[in-house]
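Survey of secondary and tertiary structure
Listed below, chain by chain, are the residues.
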Amino acid sequence: HSKEQGRNSICFFSPAQHEATLSRYRIAGLLQQALDNDEFHMVYQPQIEVDSGKLIGVEALIRWYSPQLGQVSPEVFIPVAEDAGLIEAVGYWALEQSIAETMKWLEKGLELKISVNFSARQFQRGEVASRLLALLNKYQLPAELFVVELTETCFVHSAEATECELVRLREHGVRIAIDDFGTGFSSLSYIRNMSLDMIKIDRSFISQINAENSGGRLVQAMIDMSHAMELEVVAEGVESAQDLAVLKQLGCDMAQGYHIARPMTASDLEGWAMSYEPGQASG
Ligand code: C2E
Ligand code: MG
Ligand code: MG
Ligand code: MG
């Protein structure tokens, strides 16, 4: 019956679907051009130690200004790049740019850890470790300053290949963080068995820690669980002094969010770091 239906009915896209498909094609086409024309840049968001307020590092976030489309969010174009087979090129560009800029800061006496986001797709070809280690070597950036951020999806889709790459990176001193923790599908056993150093609690949980529900206890449990596995905990999306104060009580290690600072260009970050005083974020 359903077969019959499938044969006889024509599948119409709704106008919205049609629009979305069209724009995905359009974005995919423009992405190739963006790579050729240098339309990307990186911004950096500070990460502080919760206890001391000390600036520890930054997360690198890609930005695309398209002459045709204007500013396009990475939430929109990263998935398109993944489907269009362009994520390796885009990801490699982001990686090299982040390493080069971190090295420039280091040469000026500003030592920052750099966290870079990776897509699950980048791990499927099994060349991530080699390419990353080659770049660290090219720029002479100490591997200890580098953090790979990946999401739980990486472990679900190609767990063994991913694990293999992570082990190799960690042998060289690179650290590994799970991003958006709590939103994916990873089980405790994954987390326990994979080669990891840090967990980044997704901002959807952090936004609830001051609400009148179990939000605070949930984050407490995530922090305690991570510490039990000897993982460092970073809170994402810290938007108020009150959030930060609660995280301090809960024993969270690091924090990142608009309350501390928004993502900035490399040169703005330099100025910000120069005038930043530990303690000012907690007010
Ligand atoms: P993410 O890695 O979880 O990055 C955190 C996102 O939260 C960033 O959005 C950041 O600007 C935003 N954010 C930071 N603090 C706050 C806050 O206090 N409140 C709120 N509401 N948001 C905050 P952005 O830059 O738009 O990036 C979105 C996502 O795109 C990233 O999520 C990451 O998954 C992906 N992405 C960004 N850059 C890259 C990249 O170079 N490579 C790959 N593969 N993905 C990237
Ligand atoms: Mg991230
Ligand atoms: Mg995140
Ligand atoms: Mg995210």
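Anything mentioned here points back to the structure above.
Describing the site of ligand 1
Inspection of the region around ligand 1 gives 23 residues, with Arg63, Asn117, Asp179, Glu239 and Tyr258 positioned closest. Within the contact set of ligand 1, an oxygen atom lies 2.8 Å away from a side-chain nitrogen or oxygen of Asn117. For ligand 1, the protein covers 86% of the area, taking 800 Å² as the surface of the free molecule. When atoms are counted within 2 Å of each cavity's grid points, the one that captures over half of ligand 1 is the largest pocket. Listed by contribution, the elements that provide at least two residues to the shell around ligand 1 are β2 (55–66), α3 (74–83) and β6 (175–181). Among the elements that make up the shell around ligand 1, the one with the highest residue count is β2 (four residues). Taken together, the residues of the shell around ligand 1 sort by class into nine nonpolar, five polar and nine charged.

Remarks on helix α12 (residues 266–275)
For α12, every residue scored as buried is listed here: Ala266, Leu269, Glu270, Trp272 and Ala273. Buried residues along α12 cover an arc of 165 degrees about the axis, so they all sit on one side. Set apart from the buried face of α12 by more than 90 degrees, the exposed residues are Ser267, Met274 and Ser275. Tucked into the core, α12 has its buried residues touching β1 (40–49), β2 and α4 (87–107).

How each quantity is defined
Residues numbered from 1 in each chain as written. Chains lettered and ligands numbered in written order. Predicted model: local features only at pLDDT ≥ 70, side-chain atom pairs only at ≥ 80, totals over all residues. Heavy atoms only, no water. Near = heavy atom within 4 Å. Polar contact = N/O pair within 3.5 Å; in protein donor to acceptor, adjacent residues only side chain to side chain. Areas by Shrake-Rupley, 256 points an atom, 1.4 Å probe, with all protein chains shown as cover. 1 Å grid on protein atoms, 1.4 Å probe; cavity = no way out; pocket = protein on both sides within 12 Å on 5 of 7 lines; lining within 4 Å. Sits in = over half its atoms within 2 Å of the grid points. Helix = DSSP H or I, 4+ residues; strand = E, 2+ residues; numbered from the N terminus. Nonpolar A, V, L, I, M, F, W, Y, C, P; charged D, E, K, R; others polar. Buried < 20%, exposed > 50% of the residue type's maximum accessible area, 1.4 Å probe, protein only. Arc of directions from axis to C-beta. Contact = heavy atoms within 4.5 Å.

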